[in-house]
Amino acid sequence: MFYKIRNILRKRKIGKFISNVPTGLLQMSEISTVNVVMDVEEPGFDQLRADILDWGRAAGVKMNIYFFDFRKLDKEELLITSIQTTIIKKELDWIGTPEISKVIGLIGEKSDLFISMIDNGDFPIEFISKCAKARFKIGRRAFPGHVYDMIISGAQTADLRSDSRKIFASMTEFLTKIH
């Protein structure tokens with residue numbers, strides 16, 4: 001019963017914030033702002049973040065990176081990313097929606113490209129992906145309702161995660177081929 005109520009409330013929350021921006025493939029020449037979400041627990045996180053920032057500089061686009069950090073931190077441990085752009089587990093409400101003030105740049109402002117580097121089907125990423133106001137959306141996992149214009153996934157490794165750096169390289173390579 002609890003799950004049915006939670007799912008109804010999740011659908012309502014998405015319905016309240018869902019993006020009405022028409023999406024589709026864009027050429028790199030049409031892209032000037034890019035929003036990326038990534039998981040700090042992703043193997044190779046630091047290298048992936050560096051790859052994303054390097055690509056943004058080389059492409060001459062404005063990059064905004066948002067992070068999901070759902071690790072259980074000890075009292076002595078600190079976040080490895082900026083608190084302004086990091087969504088932590090205690091900032092999710094009881095149905096799993098991120099604190100709106102943290103994601104307002106994604107769901108409140110238009111961008112040209114949204115990239116989700118998160119390879120899971122959890123509600124927080126579904127919410128952000130469906131509500132991001134981007135003209136072109138790329139992700140790693142499909143959600144009901146055809147959220148992404150393009151999905152690129154990779155072969156599963158022993159720890160059930162793909163090599164995110166190779167997937168990001170595939171995404172950027174594909175972007176250069178769109179004419």
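Everything below is about the structure shown above.
Caption draft 1: The packing of helix H3 (residues 100–107) against helix H4 (residues 123–131), seen in detail. Interaxial distance between H3 and H4 falls to 9 Å at its minimum, and their mutual angle equals 40 degrees. By the angle between their directions, the pair H3 and H4 is classed as oblique. Classified by chirality, the crossing of H4 by H3 is right-handed. Where H3 approaches H4, its residues Ile100, Val103, Leu106 and Ile107 are matched on the opposing element by Phe127, Ile128 and Cys131.

Caption draft 2: Here's a closer look at the pattern of salt bridges. Taken as a whole and assessed by the stated rule, the structure comprises twelve salt bridges. Here Lys130 ties to Glu126 by a salt bridge, and the two come within 2.8 Å at their closest N and O atoms. Of the two residues, Lys130 and Glu126 both sit in helix H4, four residues apart, roughly one turn of that helix. The burial state of Lys130 is the same as that of Glu126; both residues are buried. In the salt-bridge network here, residues are joined through shared partners; they are Glu42, Asp119, Arg140 and Arg141.

Caption draft 3: Representation of the pairing of strand E4 (residues 111–116) within the structure. Across the six residues that make up E4, a large majority, six, are buried. As a crossover connection, the stretch from E4 through H4 into strand E5 (residues 134–139) is right-handed.

Caption draft 4: Molecular detail of the side chain of Asp69. Relative to the helices and strands, Asp69 resides in strand E2 (residues 62–69). Within the structure, the side chain of Asp69 is placed 2.7 Å from the side chain of Arg71, a separation counted as a polar contact. Ignoring any residue separated from it by four or fewer positions in sequence, one finds Asp69 in contact with Val40, Leu79, Thr86, Ile87, Ile88 and Lys89.

Caption draft 5: The arrangement of the packing of aromatic side chains in detail. Throughout the structure, instances matching the rule amount to eight aromatic pairs. Pairing Phe17 with Phe127 gives two aromatic rings, centres 5.9 Å apart and planes at 75 degrees, and the pair type is edge-to-face. Of the two residues, Phe17 is situated in helix H1 (residues 2–17) and Phe127 in helix H4; the sequence distance between them amounts to 110 residues. Across the pair, exposure class does not vary: Phe17 and Phe127 are buried alike. Site record: aromatic cluster; members linked through ring pairs are Phe2, Tyr3 and Trp94.

Caption draft 6: Just unusual backbone geometry, in detail. For His146, which is not a glycine, the phi torsion comes out positive at approximately 50 degrees. When you line up the elements, His146 lands in the loop between E5 and strand E6 (150–151).

Caption draft 7: Quick peek at helix H2 (residues 45–59). The end-to-end C-alpha distance of H2 is 21 Å, a good match for the 21 Å that 15 residues give at a rise of 1.5 Å each. Once H2 finishes, Gly60 follows within two positions and takes phi at roughly 70 degrees, a positive value.

Caption draft 8: Local environment of the pairing of strand E1 (residues 33–39). The element E1 is largely enclosed, with a buried count of six among its seven residues. Direction of pairing for E1 relative to E2: parallel, over a ladder of seven bridges. Each residue of the ladder has a partner; that of Val37, found in E2, is Tyr66. Strand direction decides the pairing type here: E1 and E4, joined by four bridges, are parallel. Along E4, the bridge assignment pairs Val36 with Ile115.

The rules behind each value
- Residues numbered from 1 in each chain as written.
- Predicted model: local features only at pLDDT ≥ 70, side-chain atom pairs only at ≥ 80, totals over all residues.
- Heavy atoms only, no water.
- Axes fitted to C-alpha atoms, helices over the stretch in contact; angles between N-to-C directions.
- Helix = DSSP H or I, 4+ residues; strand = E, 2+ residues; numbered from the N terminus.
- Parallel < 35°, antiparallel > 145°, perpendicular 65-115°, else oblique.
- Left-handed = near helix turned anticlockwise from the far one by under 90°.
- Contact = heavy atoms within 4.5 Å.
- Salt bridge = Lys/Arg side-chain N within 4 Å of Asp/Glu carboxyl O.
- Buried < 20%, exposed > 50% of the residue type's maximum accessible area, 1.4 Å probe, protein only.
- Right-handed = clockwise from strand over helix to strand, strands pointing away.
- Polar contact = N/O pair within 3.5 Å; in protein donor to acceptor, adjacent residues only side chain to side chain.
- Phe/Tyr/Trp six-rings, centres within 6.5 Å; stacked < 30°, edge-to-face > 60°.
- Expected span 1.5 Å × (residues − 1).
- Pairing = 2+ DSSP bridges.

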